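What the coordinates show
Here are the chains, one letter per residue:
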Amino acid sequence: MRSKNFFRAAALTLFAIAGTGASAAAQLRVVATTPDLGSIAKEIGGDKVTVVALAKPTEDPHFVDAKPSHIVTLNRADALIEGGAELELGWLPPLLENSRNGKIAAGAPGRIVASDGVKMLEVPTSFDRSKGDVHSLGNPHFLIDPVNVKIIARNIASHFSEIDPKNAATYNGNLSRFNAKLDTKFAGWQKQLAPYRGARIVTYHKDFPYLAERFGLTIVAELEAKPGIAPSPAHLAEVIGKMKSTNAKVILVQPFQNRRTAETVARQTGATVLDVPQQPELFLTRTATST
């Protein structure tokens, strides 16, 4: 929860823009919590939407730096696309509460939850915060699986069509073209990764299980002993031992994770550290200038 000064600043900013009205272009104003969701929204919406992502590509989507400007952005939105499955639980709810925008309230046509319809992995049978940053609805890093992306794109097209029925044909046409492109890419990725099926890998955080399941990889360990908690030397020693015993030679990291830790483990195991960002850099300029 942000301080009173945070929300006071947000209120002043909202007051300053009050009465500005809708955009002359009458495009749908779409807010996505993360750049990957924003990129999909832009593919489906085309020139009928403007898209802003709240998180930067270099930010951990669990711990986004909430700003007063985010409240302003949400206040003016026609649609909000969130990951769901508690991905944004630590920062989005207070922003929504203070945005006072019924268009993106829970259950409204403008509220799009990406996890709807996705088969969730790692759904816990019991909930215990002592085990780290565990999500009660399952692992929320599902966009790395292209099959899940098609589910999300379909949901976005459906919501856009409900909000803006006069352009429904455009949204559905864009969806068909997006799916066709994704199918072609997916076939290429499957062919490219086929020789590595069964390969053993290590990840920094529990953020690649959907990738592993889709392409037949085996995650033998995470550098974090518990999700969201920095690894201890004792745990890293265990990971090193497991990597040596299983012949795991790849460590996957994202930009906001501690690459030095991964490199230290790699030096002791003969592994390679691969930077695999899940957020598209191409969305960075639009995000930075809009929020």
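As a convention, each chain's residues are numbered from 1 in the sequence order in which they are written. Confidence filtering applies because this is a predicted model: local features only for residues at pLDDT of at least 70, side-chain atom pairs given and counted only at 80 or more, and all residues used for totals across whole chains, interfaces and linings. Side-chain numbers come from the whole structure's heavy atoms, not from hydrogens or water.

Further remarks concern the environment of Glu263. For helices the rule is a DSSP run of H or I covering at least 4 residues; for strands it is a run of E covering at least 2, with both sets numbered from the N terminus onward. With respect to the helices and strands, Glu263 occurs in helix H9 (residues 259–269). The buried label goes to any residue with under 20% of its type's maximum accessible area, the exposed label to any with over 50%, and the partly exposed label to all in between, with areas taken from a 1.4 Å probe on protein chains only. Overall, the relative accessible area of 29% leaves Glu263 in the partly exposed class. Separated by twelve residues in the primary sequence, Glu263 and Ile251 have C-alpha atoms spaced 8.7 Å apart.

Quick look at the sheet that holds strand E3 (residues 79–82) now. Think of a sheet as strands paired side by side through backbone hydrogen bonds, with each pair either parallel or antiparallel. In spatial order, the strands read E2-E1-E3-E4; together these four strands make up an open sheet with parallel pairing. Each having just a single partner strand, strand E2 (49–53) and strand E4 (111–113) make up the two edges of the open sheet. Strand-to-strand twist in this sheet, taken as the mean axis angle between neighbours without regard to direction, amounts to 20 degrees. Direction of pairing for E3 relative to E4: parallel, over a ladder of three bridges. Counted as the bridge partner of Ile81 is Ile112 from E4. Against the sheet, helix H5 (residues 146–163) touches strand E1 (28–32), E2, E3 and E4, its axis set at about 170 degrees to E4. Any two strands with at least two DSSP bridges between them are considered paired. Where helices are involved, their axes are fitted lines through C-alpha atoms of the stretch in contact, as for all axes, and angles between N-to-C directions lie from 0 to 180°. Whether two residues touch is decided by their heavy atoms; if any such pair falls within 4.5 Å, the residues are in contact.

Within the secondary structure layout, Thr34 lies in the loop between E1 and helix H2 (35–45). Classification of Thr34 as buried rests on a relative accessible area of 2%. A distance of 2.4 Å separates polar atoms of two side chains, one belonging to Thr34 and the other to Asp36. The definition of a polar contact used here is a pair of N or O atoms within 3.5 Å, where within protein one atom must be able to donate a hydrogen and the other to accept one, and adjacent residues in sequence count solely through side-chain atom pairs.

To continue, consider the environment of Lys166. Position of Lys166 among the secondary structure elements: in the loop between H5 and helix H6 (168–193). Engagement of the side chain of Lys166 in a polar contact is seen with the side chain of Asp164, the distance being 2.9 Å.

Further remarks concern the environment of Val265. Mapped onto the fold, Val265 is located in helix H9. We classify Val265 as buried; its relative accessible area is 1%. Measuring from C-alpha to C-alpha, the distance between Val265 and Ala237 comes to 8.5 Å, with 28 residues separating the pair along the chain. Contact partners of Val265, with chain neighbours within four places excluded, come to Leu223, Leu236, Ile240, Met243 and Ile251.

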